[in-house]
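Architecture at a glance
The lines below spell out each chain.
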Amino acid sequence: KGIRSEIGMVAINATPDAGNDWKISIALPTPISGFKPNGAEAFRTDIGTQTATGVWNEKLGHFTSVNANLGNVQLNDLIKQSTATVNGLTFTSNLTEKDPEAYTGSANVILSNVSLYSADTQFKGTIPTIALKTNLADRAMKTPMTKEQVKNRPQNKYPDGYNIFAFLFGAPERVVGTITG
């Protein structure tokens, strides 16, 4: 639809580990900007602090464990002049191979001190904690996919959040959310 985002340079350190595993640390650039079709910046995400580590499994094609912490994440709608700030965001996941080729595990996301501001209505609000917990499942292939196989996989016209999450971390089976405050 003509909307684009510029992510910038993602820094990744990868060290071989046992078997098909790689120990990974990653840092996202800041800010991450979104632009309207006319080129005007419409949205900006700033990340104050961050640490993210995990284990990438080549055979599975995504992470089997992740531990990420982001602090002072600011989401700014530059057109509507509305903002959301997340003081702390923690993401942990852990998949284990229960049966040959079958991986299951859990993922938890905790957002703390979420504040919202809507310029349209002058609404200001704060949510102390949002916790999301889910079971994850995925199946590894017997051999790693070739670049050609990955390229030829059916793709949706536009990526959606669920597919991106499932591709990187495993498919959420059921999510339980708890909001406090």
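Throughout this description, residue numbers start from 1 for each chain and increase along the sequence as written. For a predicted model such as this one, the threshold for reporting local features is a pLDDT of at least 70, and the threshold for listing and counting side-chain atom pairs is 80 or more; totals across whole chains, interfaces and linings nevertheless cover every residue. Note that water and hydrogens are dropped before the side-chain values are worked out from all heavy atoms of the structure.

We now examine the overall build of the chain. Only DSSP runs of H or I covering at least 4 residues are called helices, and only runs of E covering at least 2 are called strands; the numbering of each starts at the N terminus. Each helix and strand counted, the chain has 2 helices and 10 strands in total. Ordered by position in the sequence, the α and β elements of the chain form the string β-β-β-β-β-β-β-β-β-α-α-β. Expressed as a percentage of the 181 residues in the chain, the buried residues total 28%. Should any heavy atoms of two residues lie within 4.5 Å, those residues are counted as being in contact. In the chain, 56% of the contacts between residues at least 6 apart in sequence involve partners at least 24 apart. Only the protein chains shown count as cover for residues, with accessible areas throughout obtained via the Shrake-Rupley method and a probe of 1.4 Å. For the chain, the exposed surface amounts to about 11,700 Å²; the carbon and sulfur share of it is 57%. Only protein chains enter the accessibility calculation, which uses a 1.4 Å probe. A residue is then buried if its area is under 20% of the maximum for its type, exposed if over 50%, and partly exposed in between.

Another point: the pattern of salt bridges. Definition used for salt bridges: Asp or Glu carboxyl oxygen within 4 Å of a side-chain nitrogen of Lys or Arg. Counted under the stated rule, the structure contains 2 salt bridges. Two residues, E6 and R4, come together in a salt bridge whose shortest N-O distance is 2.6 Å. Overall, the relative accessible area of 43% leaves E6 in the partly exposed class. Between R44 and E41 there is a salt bridge, and its shortest N-O distance comes to 2.8 Å. The exposure class of R44 is partly exposed, given its relative accessible area of 29%. Accessibility expressed as a relative area gives 26% for E41, which makes it partly exposed.

This is a description of form; function is not addressed.
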